[in-house]
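# Tertiary structure, described
If you want the building blocks of each chain, they are given just below.
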Protein chains: 2
Amino acid sequence: MENFELFGNIEQGKNFIESMKSKRFLFSFVISYTETCEIPGITFAGADKDSIQFTPPADAEYLHYGYCKTIDKIPMTPDGKPTPGLLTKTALESASIPHLTINAGSKISPQLPFIDTGMPFGKNISTEDAMTDSQVSHAVDYGRIVGRSMASLTDCLIIGESIPGGTTTALAVLKALGYDAKVSSSIPDNPVELKNQIVKSALERIDSDHPYSIVAKVGDPMIPFVAGMLSSASSVSNVMLAGGTQMAAVLAFAAKIGFNEENTAIGTTSYITGDESANFTSLVSKIADIPAISVNPGLENSKHTGLKAFSEGFAKEGVGAGGSIISSMIKTGNDSTKFLEIAEKEYHRLFTSL
Amino acid sequence: MENFELFGNIEQGKNFIESMKSKRFLFSFVISYTETCEIPGITFAGADKDSIQFTPPADAEYLHYGYCKTIDKIPMTPDGKPTPGLLTKTALESASIPHLTINAGSKISPQLPFIDTGMPFGKNISTEDAMTDSQVSHAVDYGRIVGRSMASLTDCLIIGESIPGGTTTALAVLKALGYDAKVSSSIPDNPVELKNQIVKSALERIDSDHPYSIVAKVGDPMIPFVAGMLSSASSVSNVMLAGGTQMAAVLAFAAKIGFNEENTAIGTTSYITGDESANFTSLVSKIADIPAISVNPGLENSKHTGLKAFSEGFAKEGVGAGGSIISSMIKTGNDSTKFLEIAEKEYHRLFTSL
């Protein structure tokens, strides 16, 4: 318990942590895409503008193979800091937690077997609607099918995502649904102004308070799909939404279509819960009566600048890193000192082999 | 036990049945395609020549939704006899066994979420090679990945298939690997002569005894993919190959790439093990030291001609019907009388609703 900080429904959070010890976890990795990420300066999820679209499939390949096939290195920030997938991979492997990749609108397909949903990627919300209403319905329906199937195979379904630019669409959805949200960023100096401009122009297109219409106009494909997964999975097993403000947007939309709060928790890193430019924990409490579990991976103690960077605000979260670390610590009993040790091994393997 | 007849490694078969009671099962449904099925008179897996290509995705949709999206009725023989998927669906639902669909070379994608493998369909082996050697490697590699993932989520992975024309490619692969095989058919008056002609012309193209080359020249995409699944899954959990002579071909190829016999069983219907035009049980014994488990679904006692037909030699097996019935009986303790009762309910639902 001392590894974690609890917010929201703290009792339920304690029970979740206790009841999940030595239980079965399954990590589902949802990759998607919104053209909103192509707006210059909006994301660091990629070494440069052209490589951003390869980040979601490359993260999936790295999780699975330990290296990427779509690109020659693992996803990095422009200045060479590694994907948070490094933390996810370390967490899942150290706890022998199996994972499956789901393509819910990625522009590029990963080079591994994955669950296909036939979903197109989202459009740039600063200039046009992200999706049609029927594409949102399709996303929710297929999310419900996938969530039910996966939840029937485990005791706790962890859901992580990779969608560059997703914090901006998350911000738009949260605001459109009536929440005074301030979201985090993969960039230490959060480009709040730019995000707010984009969101403002996107919100002007909203002409209905129907949740499907709102997500279609200003959201991204990941949000309705994961909300669909949550709504069916939470009626079958426990669900851990692994992420920061993007999962808050999923939660806000899921609250409209219905899900079982008693089986749901959201797990993230202390870099999100401690982010002063955002208001994650109070936001989650406003949306749903569920626990928010936060873990400090202890990366500030790393001897590698690339790992230390996460604690300094680079790519604070993503690829379900926080929820994966929490799940692996619950299953193995490891603390952050042990986690840092194995994360540094993986970092060393990557940056001596690549 | 009295529900089943055991062949091959009978001791292991008894242990399998005993040890699997009240365990977790997962049904994986592998859909594929070989243009060999377009040869007139080779298969009954479709109402007519043009609809055969829709049978695999339609079977997947029927298993999942209870109706089809790709076609307006469930798959049927030209004279209106239902797909063996009816037996599979009844078996899986009555035992609450979850299932996942895998597209391993189907010409048409199913309208539901499925695991994609990026595999192309197989060519007509009477006129050209089914695949390239590298396509076979891809199928085996991806099969290994999918098998490992799925086996880690259950105690027993059931593998069923739907590939029209597949008994002919299975016959070719078995003969090319040195087995004196006589295979079953979806047609009561097994078109043995036609199959042998096709196989003969296919075998003439073989110029290497390398198993990958043999399957590439005269096989189909399902065989190397399911063999790959078996090779990895059998090292993690129990595996039930659900099918007749096509699974014998999978077994013959898997014996070349390696798999764990101790965790493997093959399950089918008594319509296959009792088929005089074939030699299933002796064939399996020659290939591997595993149990062959046979179930008589008791359909000869049905009041519906469409169900009775299975016992009269129409579509004796397919969509993993036999192995699914065996697994559901092991899990629920149902006998064939109880199974027939629920199968007739499903038959009635279909043919009064459609």
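The structure under discussion appears in the preceding block.
A quick note: this is a predicted structure, and the numbers were derived from the prediction, not measured.

## Side note on the overall build of chain A
Of regular secondary structure, chain A possesses 14 helices and eight strands. In terms of its C-alpha atoms, chain A occupies a principal-axis envelope of roughly 50 × 40 × 40 Å. Of all 354 residues assigned to chain A, the portion counted as buried reaches 66%. Summed over its atoms, the accessible surface of chain A is roughly 11800 Å², and 49% of this surface lies on carbon and sulfur atoms. A gap of 3 Å separates the mean positions of the 28 positive and 39 negative side-chain charges of chain A.

## What about helix α4 (residues 133-151) of chain B?
Between its first and last C-alpha, α4(B) extends 27 Å over 19 residues, near the 27 Å set by a 1.5 Å rise per residue. Turning to α4(B), its buried residues are Val136(B), Ala139(B), Val140(B), Tyr142(B), Gly143(B), Ile145(B), Val146(B), Gly147(B), Ser149(B), Met150(B) and Ala151(B).

## Considerations on the packing of helix α8 (residues 222-233) of chain B against helix α9 (residues 245-257) of chain B
All names here are of chain B. At a closest axis distance of 8 Å, the pairing of α8 and α9 adopts a crossing angle of 60°. Taken together, the axis directions place α8 and α9 in an arrangement best described as oblique. Crossing geometry of α8 relative to α9 is assigned as right-handed. Facing α8, whose interface residues are Met-222, Ile-223, Pro-224, Val-226, Ala-227, Gly-228, Leu-230 and Ser-231, α9 presents Gln-246, Met-247, Ala-249, Val-250, Leu-251, Phe-253, Ala-254 and Ile-257. Tallied by class, the residues present in the contact of α8 with α9 amount to 13 nonpolar, three polar and no charged.

## Looking at the relation of the copies chain A and chain B
If you rotate chain A by 180° and push it 0.0 Å along the axis, it lands on chain B with an RMSD of 0.0 Å. Expressed as a symmetry operation, the mapping of one chain copy onto the other fits a two-fold axis. Judged by C-alpha distance, Ile115(A) is the residue of chain A that lies nearest the rotation axis, at 2.1 Å. Looking at the interface residues of chain A, 100% of them are also at the interface in chain B, so both copies use one shared face.

## Things to note about the pattern of salt bridges
Residues and elements named next belong to chain B. One pass over the full model with this rule turns up 26 salt bridges over all chains. A salt bridge links Lys-303 to Glu-344, with the shortest nitrogen-to-oxygen separation between them at 3.2 Å. Placement of the pair is Lys-303 in the loop between β8 (291-295) and α12 (305-311) and Glu-344 in helix α14 (residues 336-353), with a sequence separation of 41 residues. According to the relative accessible area criterion, Lys-303 is exposed, its value standing at 65%.

## Here we look at the interface of chain A and chain B
Counting residues at the interface gives 19 residues for chain A, matched by 19 residues for chain B. Between chain A and chain B, the buried area comes to about 1600 Å², and carbon and sulfur atoms account for 70% of it. Our count for the chain A to chain B interface comes out at six residue pairs in polar contact (both at pLDDT 80 or more). Counting residues per element, the ones that place at least two in the side of chain A that touches chain B are α2 (55-65), β3 (99-103), β4 (114-116) and α4 (133-151) of chain A. Per-element tally for the side of chain A that touches chain B: the top contributor is α4(A), with four residues. Looking at the side of chain A that touches chain B residue by residue, the class counts come to twelve nonpolar, five polar and two charged. Pairing analysis gives three bridges linking β4(A) to strand β4 (residues 114-116) of chain B, with the strands arranged antiparallel. Looking across to β4(B), one finds that Ile115(A) is bridged to Ile115(B).

## Notes on the packing of helix α9 (residues 245-257) of chain A against helix α11 (residues 280-287) of chain A
All names here are of chain A. Two elements in contact, α9 and α11, have axes separated by 10 Å at closest approach and are oriented at 10°. When the interaxial angle is binned, α9 and α11 end up roughly parallel. Facing Thr-245, Ala-248, Leu-251 and Ala-252 of α9, the residues of α11 in contact are Phe-280, Leu-283, Val-284 and Ile-287. Split into classes, the residues belonging to the contact of α9 with α11 amount to seven nonpolar, one polar and no charged.

## Things to note about the packing of aromatic side chains
Residues and elements named next belong to chain B. Overall, the coordinates contain ten aromatic pairs over all chains when judged by the stated rule. The cationic tip of Lys-89 hangs over the ring face of Tyr-62; the distance from NZ or CZ to the ring centre is 6.0 Å. The residue whose ring lies beneath Lys-107 is Phe-121, and the NZ or CZ to ring-centre distance is 5.1 Å.

## Things to note about the nonpolar core
Judged by nonpolar contacts, the single largest core of 189 residues is most densely connected at Leu174(A), Phe225(A), Leu174(B) and Phe225(B). When residues no more than four places from it in sequence are discounted, the contact partners of Phe225(B) are Val30(B), Ile102(B), Ala104(B), Thr117(B), Met119(B), Ala139(B), Tyr142(B), Gly143(B) and Val146(B). Counting 47 residues, the second largest nonpolar core, distinct from the first, contains Ile17(B), Ala60(B), Tyr62(B) and Leu340(B).

## Some thoughts on the side chain of Thr55(A)
Residue and element names in this part refer to chain A. Relative to the assigned elements, Thr-55 resides in helix α2. Taking the relative accessible area as the measure of exposure, Thr-55 reaches 6% and is therefore buried. Ignoring any residue separated from it by four or fewer positions in sequence, one finds Thr-55 in contact with Ala-45, Gly-46, Pro-75, Ser-162 and Pro-164.

## Some details on the environment of Glu276(B)
Residue and element names in this part refer to chain B. One can find Glu-276 in the loop between α10 (270-273) and α11 (280-287). Judged by relative accessible area, Glu-276 falls into the exposed class, the value being 75%. C-alpha of Glu-276 to C-alpha of Lys-182: the two residues are 94 residues apart in sequence and 9.2 Å apart in space.

Cut-offs and rules
Residues numbered from 1 in each chain as written. Chains lettered and ligands numbered in written order. Predicted model: local features only at pLDDT ≥ 70, side-chain atom pairs only at ≥ 80, totals over all residues. Heavy atoms only, no water. Helix = DSSP H or I, 4+ residues; strand = E, 2+ residues; numbered from the N terminus. Buried < 20%, exposed > 50% of the residue type's maximum accessible area, 1.4 Å probe, protein only. Areas by Shrake-Rupley, 256 points an atom, 1.4 Å probe, with all protein chains shown as cover. Lys, Arg positive; Asp, Glu negative; His and termini not counted. Charge placed at Lys NZ, Arg CZ, Asp CG, Glu CD. Expected span 1.5 Å × (residues − 1). Axes fitted to C-alpha atoms, helices over the stretch in contact; angles between N-to-C directions. Parallel < 35°, antiparallel > 145°, perpendicular 65-115°, else oblique. Left-handed = near helix turned anticlockwise from the far one by under 90°. Contact = heavy atoms within 4.5 Å. Nonpolar A, V, L, I, M, F, W, Y, C, P; charged D, E, K, R; others polar. Least-squares fit on C-alpha atoms with pLDDT ≥ 70 in both. Salt bridge = Lys/Arg side-chain N within 4 Å of Asp/Glu carboxyl O. Buried area = accessible area lost by both parts, 1.4 Å probe. Polar contact = N/O pair within 3.5 Å; in protein donor to acceptor, adjacent residues only side chain to side chain. Pairing = 2+ DSSP bridges. Phe/Tyr/Trp six-rings, centres within 6.5 Å; stacked < 30°, edge-to-face > 60°. Lys NZ or Arg CZ within 6 Å of the ring centre and 35° of its normal. Core = buried A, V, L, I, M, F, W, Y, C linked by side-chain atoms within 4.5 Å.

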